[in-house]
Amino acid sequence: MQPRLGLKDGETNVEVWGENFLNFDELSVCNFGPVSVKAEFINSTRLMCVSPHSDVVQKAQPFSVSFNK
């Protein structure tokens with residue numbers, strides 16, 4: 001993913017690279033800690049999402065991608 005860090009206010013465009021991504025439209029999400037946001041399917045190796053606001057600034061938040069909410 002790029003960038004690895006973002007502002008706590010959110011609104012950072014995050015690119016996610018991988019393999020064999022499928023376009024599941026509304027079921028595709030990026031998880032920033034406990035908060036999920038819609039992931040935009042670009043192609044089979046790339047997704048985009050916009051980071052949400054976070055009150056956590058002392059440590060990194062876990063990140064994951066899900067295709068089934």
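About the cut-offs
- Residues numbered from 1 in each chain as written.
- Predicted model: local features only at pLDDT ≥ 70, side-chain atom pairs only at ≥ 80, totals over all residues.
- Heavy atoms only, no water.
- Disulfide = S-S within 2.5 Å.
- Helix = DSSP H or I, 4+ residues; strand = E, 2+ residues; numbered from the N terminus.
- Buried < 20%, exposed > 50% of the residue type's maximum accessible area, 1.4 Å probe, protein only.
- Pairing = 2+ DSSP bridges.
- Axes fitted to C-alpha atoms, helices over the stretch in contact; angles between N-to-C directions.

Caption draft 1: Structural context of the state of the cysteines. Enumeration over the complete set of coordinates arrives at 1 disulfide. Linked covalently through their sulfurs, Cys30 and Cys49 form a disulfide whose S-S length is 2.4 Å. Taking the sign of the torsion about the S-S bond as the criterion, the disulfide between Cys30 and Cys49, at about -90°, is left-handed. Of the two residues, Cys30 is situated in strand E2 (residues 29-32) and Cys49 in strand E5 (residues 46-50); the sequence distance between them amounts to 19 residues. Of the two residues examined, Cys30 and Cys49, each falls in the buried class.

Caption draft 2: Fine view of the sheet that holds strand E3 (residues 35-38). Across the sheet, 3 strands lie side by side as E3-E2-E6; this open sheet has antiparallel pairing. The outermost strands of the open sheet, each flanked by one partner alone, are E3 and strand E6 (63-66). Each strand of the sheet is rotated relative to its neighbour by a mean of 25°, with strand direction disregarded. Alignment of E2 against E3, held across 4 bridges, turns out to be antiparallel. Residue pairing in the sheet places Cys30 in a bridge with Val37 of E3.

Caption draft 3: Layout of the pairing of strand E1 (residues 13-17). Burial along E1 is one-sided: Val14 and Val16 are buried, and none of Asn13, Glu15 and Trp17, which face the opposite way, are. Here 5 bridges tie E1 to E5, and the two strands are oriented antiparallel to one another. Across the sheet, the residue bridging to Glu15 is Met48, located in E5.

Caption draft 4: The environment of Glu19, seen in detail. Relative to the elements of secondary structure, Glu19 occurs in the loop between E1 and E2. Relative accessible area serves as the criterion here: at 66%, Glu19 is assigned to the exposed category. C-alpha of Glu19 to C-alpha of Asn43: the two residues are 24 residues apart in sequence and 9.5 Å apart in space.

Caption draft 5: Looking closely at unusual backbone geometry. In this chain, Gln2 is followed by Pro3 through a cis amide linkage whose omega measures 0°. Within the secondary structure layout, Pro3 lies in the segment before E1. Not every positive phi belongs to a glycine, and Glu11 is a case in point at roughly 65°. Considering the arrangement of structural elements, one finds Glu11 in the segment before E1. Phi is positive for Asn20, close to 60°, though the residue is something other than glycine. Tracing the backbone through its elements, the reader meets Asn20 in the loop between E1 and E2. When its relative accessible area of 65% is taken as the criterion, Asn20 is described as exposed.

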